[in-house]
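Fold and geometry: a report
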Amino acid sequence: MSTAVSVPRRVWLTRSRRRAIVGYLWIMPWLVGLVAFKLGPTLAAFALSFTRYDIITTPIWIGLENYVYAATTDPLFWRSLRTTLYYVGVSVPLGIVASLGLSLLLNMGKRGTATYRTFFFLPNLTPVVAGAILWLWIYHPQFGPLNYLLRLMGIPPIGWLGSVEWAVPSLILVAFWYGIGGSRMVIFLAGLQAVPNELYEAAEVDGAGRWARFRYIILPMISPTMFFNLVLAIIVSLRVFEVAFLTTVGSPNYATWFYMLHLYQAAFRDFDMGYASALAWILFMITLALTYVQIKLSKRWVYYEGEERES
Amino acid sequence: MGTSSKRLSRRGFLELSALLGVTAVAACAPAPPPTATPAPKPAAPAPPPTAAPKPAAAAPTPAAAPPTPTAAPKPAVAAPTPTAVPKPAAKEAVTVRVTYRLTDKPEMYERLFPRFAQENPSIKLVGEPVSFGAYEEYFAKLASLMAADTLGDVVWVSAGSGPFLSQVAKGFFRPLEDLVSAANYDLKVWYPSALEALKLGGKLYALPSDMHPGAQFIYYNKKMFDAASVKYPTSAWTYEDFVAVAGKLTKRSGDRVDVFGWAPWTTSWSQEIIARSHGGSFITADGKKSAVKEAPVGTTLEWLYDLMHKHKVATRKQDIAKDANEMFYTEQAGMTTALSGFIFSAPARIGDKFKMGTVRLPKGKAGKFGGMVHIGGQAIYAKTKNPNEAFKALAFIVGLENALIRALEVGGTLARRDLFEHAQLAEKGGDNWKVVLEAMADPDLKPYFTPDNFRTSEMQSVIDQNTDAFWTGNQTVAKGLDALDSALNVVLAKPR
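As the structure is a computational prediction, the values presented were derived from the model and not from experiment.

Bringing the pairing of strand 9 (residues 256–263) of chain B into the picture now. Residues and elements named next belong to chain B. The buried fraction of strand 9 amounts to six of the eight residues, a majority that puts the element mostly inside the structure. The antiparallel hairpin formed by strand 8 (residues 251–253) and strand 9 contains two residues in its connecting segment, where Gly 254 sits at a positive phi of about 65 degrees. As paired strands, strand 9 and strand 10 (residues 333–338) are joined by three bridges and run parallel to one another. In the strand pairing of strand 10, Ala 263 is matched with Thr 336.

Following this line, the structure appears as C-alpha cells:
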C-alpha cells in the first residue's frame, strides 16, 4: 500500500502580503484622489495634446501639430516663456535672500519674535483676490500711496502696472510681499534652529566673527533647507498666474503675459484645449529639466550631515 | 490586567472607515428631482444700480456682484422652484431650465418666474445663474455643460465676444424660425440690426437680449466745459474740434498734466468705432484677413496716438488704473468714452459733483458716425426636449414688461424699439438718452466685427495688446503697424 505524500498547500495570502494589502488600504483614499484628480487628468492632457479639441466636440488627432505650432508659429509662446523666466530669475533669488535674512533676524531670539513672525506671515494668509485689489490701489497712478510718496520726493510718478518697463517688477514686488514671511521663512527658521549650538560655541572659541560663522557654519548647515526652498520657489514661480490675471491680464503690450496666462487663455478663452494641453506638458518638461539640473548642481553646494565627500 | 476596555483594532478601524466611506458616497449621490418644493425666497429689495452691468458682450468695467439672497444650486438636476407654483390642473408641468449670467441679478429672474407660471401653469421655469465675474468663466461653464449634455433649455449668449456663433456652427443651438411662426411671434419689435447679428447662414438662432450701439459715446463734464468757456459739443463736431476741446479742458503744472481733456477707452471696441467712421475696419469684410494697414485704421491709431503723446490731452495707458471712466468720475478728465448704459450707472458715481452731457464721437472721413452692434441673445439649446415650451419662456423673458424692469433696475437695454423709445427710459435718461436713440436709428449701425473663424475674443486681445505699445508711447504707430497686422493674421488664419 502506497502512502500519499502530503504536499504543503501554498498559501497565497502570506503575512507580508497581508501587511502590504493593509498598508495599501490605509493609503487608498489618497491613492484614489491621486489617480482621479492628478494622474488621470495628467495622462488625459498628454493624450489631448496630440489633438484639436474644443471641449464640445470630439477630439481630432493631429499628431505633433500643437507642439510644432508652439515652437514655430505662435508668437506668444517664446514671448511668454521669456517673460516667465525673467520673473523667475528675479523673484526667486530676491525671495530666497529676503526670507533667509528675515529668518536670521527672527532667530536672534529677541523679545517679540513670535509677534513679528506672525506679523510677517500675515500676507501669506491674505486671499489672492484681496491682495490683488490692495495692490491695484497701492499702484494706482493717481491715488496710490506709492506715487504719492514719489511726488512728495519730487520724483515723477511711475505707471507701475500700466507701464511696459515696470509691470513685471511691480508683480515681482507683490510676490515678494506675499512670500517673504511665508512658509519659506518658516522652513528657514526651522533649519536655523536645527544648527547645533556646539558649532557656534566652537567657532566663537576659535575667534570666528559673525560673517565667518554665517559663511562657514550657518550656510552649510542650512544648505539642504535652502535647496528645498530653491526647488519649490522655482516650481511655484514658473506657474505665476493669479496676480497677473487679476491685475493686468497680460497687459500692457504683453509685458505680463506669463506662460500660465497664455495657457489659460488658450484653454478657456479660445477653447483650444489640445493646444493648451501641449503647453501644459511643455511647462512640465521645462520644470522637470530645471529641477534635474538643480539636483545635479546641488552636489557641489548642498551639505548633508554624515555624508562622505571627496575632498 | 483584566480590564474590559476595548481598543479599536486596525481591522476594526478599516471596517468602520469603509462603512463611513460608503455612507458618504451614498449621501453624495445626486438627489432625485424634487416635486414643487417651496423654498421660500426672502423678498430682497434690489440694490440700487450703482454700476450697471454692461449690456450685450461684457465690457471691462466690473459690475457690482449682487448679493443673492439664496444662491440657485449649480445644475446637475433641476433646482427647486423659488416659490410655490400652482399645481397644473391635468398633466405634469414641463420643466424649462433657464441659464443666465449671475450679473443679471437672479432675484430679478426669480421675480419673473411666478408670473410666467401663472400664465403658463403647464410650464415650470427653473433658473440656473452662472458666474460672470471673469468673462471666460461664463462661456467656459457653458462649454462644460454642453460637453456633458446638461446645458439649460434657454441660454443667455453673446453674439459679440463670446463663442456663440462658433457653437451655432457646430450645431449646439437650434434655429428659431419654426418656433417663431408656430407661436405667431412678431419679430418687428426688434431692431433689424439686432436680429441680423444673431443670424448665421440666414437663420435666426436667438432672440435679442441686451444691446447697445458700441463705445461711440463721449460723456462730458458740463461744469468743466462752463469753467473753460467751451460750448457743449453737438453731433456736428469734427475730430479737429475734438482735439481743440480736449486741449481747452486740459490743465497742467509744468510738464505734468493735472486734468486731462479726455480719458478714452483704448480697447479694440472703441478703436473699431473710429475706424468705421473713416470707412474702414480692423478686418476685411469677409473676416478672413487683417485690414490694419489700410488708411482708416492708420488714421484712427495716429489720431489717438497724437492726442496722447503729441497734444498730451488724453490719458495714456500708464495714467489710468484699470478703468478710464474713473478719471471722469473724479474730475481728472473732462470727457470719457463709455457705452449707452453709462447714462444710468454714472450718476451714482458722480453724485452732486457735476452734470453730465452726452455726444457721439464725430463723423469721420467717410461722413459716418462709427457704430457697432453689441448684442446678447436668448437662445435655445439644440438638444432641448421641449422646444415649444422653451420658446414660450424665451419670449416671455424678453417681453417688454420684463425688459423695462431690467432697463430701469439693472441697466441692461434689450434690443426692442418699444423699450428704447419708452417714456420711462426717456424720462430717466433725459437729453442724454436722445443721443442714444439717434445712434440706434443710424442706418450705418453695423454688426460686430466677428472674424470668419469666430475667434473674436482672441482677435480683440491681439488688437488690445499690440496697440498698448502705442498708448504707452513705447512705439509709434508707423513702426508697430506691421507687427499688429501679422499678429492679427495669425489669429484669423486659425481654424474655426
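After that view, the rundown keeps rolling.
A few words now on the interface of chain B and chain A. Facing the 41 residues of chain B at the interface are 40 residues of chain A. A combined buried area of about 3,200 Å² lies between chain B and chain A, and 61% of that area is made up of carbon and sulfur atoms. The salt bridge partner of B:Lys170 is A:Asp54, with a shortest N-O separation of 2.4 Å. Linking chain B with chain A are 11 residue pairs in polar contact (both at pLDDT 80 or more), by the criterion used here. Only helix 1 (10–28), helix 3 (135–147), helix 11 (325–329) and helix 17 (456–471) of chain B provide two or more residues apiece to the side of chain B that touches chain A.

Oppositely charged side chains can form a pair if their charged atoms are brought close together. The full count for this structure, using the stated rule, is 24 salt bridges over all chains. Across the pair B:Arg174 and B:Asp178 runs a salt bridge, and its minimum N-O distance is 3.2 Å. Take B:Arg174: its relative accessible area is 17%, and that puts it in the buried class. Note that B:Glu331 is salt-bridged to B:Lys223, the shortest N-O span being 3.0 Å. Taken together, the positions of B:Glu331 in the loop between helix 11 and strand 10 and B:Lys223 in helix 7 (residues 222–227) put the pair 108 residues apart, joining distant regions of the chain. The exposure class assigned to B:Glu331 is partly exposed, which follows from its relative accessible area of 22%. A network of salt bridges, in which partner residues are shared, links A:Asp272, B:Arg455, B:Glu458 and B:Lys494.

Applying the stated criterion across every chain, the model contains 49 aromatic pairs over all chains. Pairing A:Tyr139 with A:Trp160 gives two aromatic rings, centres 5.3 Å apart and planes at 35 degrees, and the pair type is tilted. You can see A:Tyr139 sitting in the loop between helix 5 (128–138) and helix 6 (145–152) and its partner A:Trp160 sitting in the loop between helix 6 and helix 7 (167–179), a full 21 residues away along the chain. Here the two residues A:Tyr139 and A:Trp160 agree in accessibility, since each one is buried. Linked through ring pairs, A:Phe46, A:Phe50, A:Trp61, A:Tyr67, A:Trp281 and A:Phe284 together constitute an aromatic cluster. One residue, B:Arg101, lies across the ring of B:Phe132, its end atom 4.9 Å from the ring centre. The ring of B:Trp190 has B:Arg416 lying over it, and the distance from NZ or CZ to the ring centre is 5.3 Å.

Moving on: the sheet that holds strand 3 (residues 154–158) of chain B. Residues and elements named next belong to chain B. Here five strands make up an open sheet; going across it, the order is 2-1-3-12-6 and the pairing mixed. At either end of the open sheet lies a strand with only one pairing partner, and these are strand 2 (123–130) and strand 6 (206–212). Ignoring strand direction, the axes of neighbouring strands in this sheet form an average angle of 25 degrees. Where strand 3 lies against strand 12 (residues 374–380), five bridges are found, and the strand directions are antiparallel.

Residues B:Phe164, B:Phe173 and B:Met335 are the most contacted members of the largest nonpolar core, which totals 194 residues. At eight residues, helix 14 (residues 273–301) of chain A tops the list of elements feeding residues into this core. Both domain 2 (94–213 + 373–429) and domain 3 (217–370 + 451–492) of chain B contribute no fewer than three residues apiece to this core. Apart from the residues lying within four places of it in its own chain, the contact partners of B:Phe173 are B:Met146, B:Leu151, B:Val155, B:Val157, B:Phe164, B:Gln167, B:Val168, B:Tyr205, B:Ala379, B:Ile380, B:Tyr381 and B:Ala382. Counting 17 residues, the second largest nonpolar core, distinct from the first, contains A:Tyr139, A:Trp160, A:Val243 and A:Phe258.

Quite often, the size of an interface is put as the accessible area lost when its parts meet. Residue and element names in this part refer to chain B. Considered domain by domain, chain B is made up of domain 1 (2–78), domain 2 (94–213 + 373–429) and domain 3 (217–370 + 451–492). Note on domain 2 versus domain 3: buried area summed over both sides is about 1,100 Å², and carbon and sulfur give 66% of it. Per-residue buried area on domain 2 facing domain 3 is highest for Ser 161, His 212 and Pro 213; these three make up 38% of the total on that side. Where domain 2 meets domain 3, there are zero salt bridges. For the pair domain 2 and domain 3, the interface holds zero residue pairs in polar contact (both at pLDDT 80 or more). For the side of domain 2 that touches domain 3, the secondary structure elements donating two or more residues are helix 4 (164–169) and helix 16 (423–440). Its residues assigned to classes, the side of domain 2 that touches domain 3 shows five nonpolar, six polar and one charged.

Residue and element names in this part refer to chain B. Pairing is mixed in the open sheet, where five strands are placed in the order 8-9-10-7-11. In this open sheet, the two strands that pair with only one neighbour each are strand 8 and strand 11 (356–360). Across the sheet, the axes of successive neighbouring strands diverge by a mean angle of 30 degrees, strand direction being ignored. Pairing analysis gives three bridges linking strand 8 to strand 9, with the strands arranged antiparallel. By the bridge assignment for strand 9, Arg 252 is matched with Val 257. Against the sheet, helix 12 (residues 342–350) makes contact with strand 7 (217–221), strand 10 and strand 11, and its axis sits at roughly 150 degrees relative to strand 11, the strand it touches most.

What counts, and at which threshold
Residues numbered from 1 in each chain as written. Chains lettered and ligands numbered in written order. Predicted model: local features only at pLDDT ≥ 70, side-chain atom pairs only at ≥ 80, totals over all residues. Heavy atoms only, no water. Buried < 20%, exposed > 50% of the residue type's maximum accessible area, 1.4 Å probe, protein only. Helix = DSSP H or I, 4+ residues; strand = E, 2+ residues; numbered from the N terminus. Pairing = 2+ DSSP bridges. Contact = heavy atoms within 4.5 Å. Buried area = accessible area lost by both parts, 1.4 Å probe. Salt bridge = Lys/Arg side-chain N within 4 Å of Asp/Glu carboxyl O. Polar contact = N/O pair within 3.5 Å; in protein donor to acceptor, adjacent residues only side chain to side chain. Phe/Tyr/Trp six-rings, centres within 6.5 Å; stacked < 30°, edge-to-face > 60°. Lys NZ or Arg CZ within 6 Å of the ring centre and 35° of its normal. Axes fitted to C-alpha atoms, helices over the stretch in contact; angles between N-to-C directions. Core = buried A, V, L, I, M, F, W, Y, C linked by side-chain atoms within 4.5 Å. Domains from an automatic or database assignment. Nonpolar A, V, L, I, M, F, W, Y, C, P; charged D, E, K, R; others polar.

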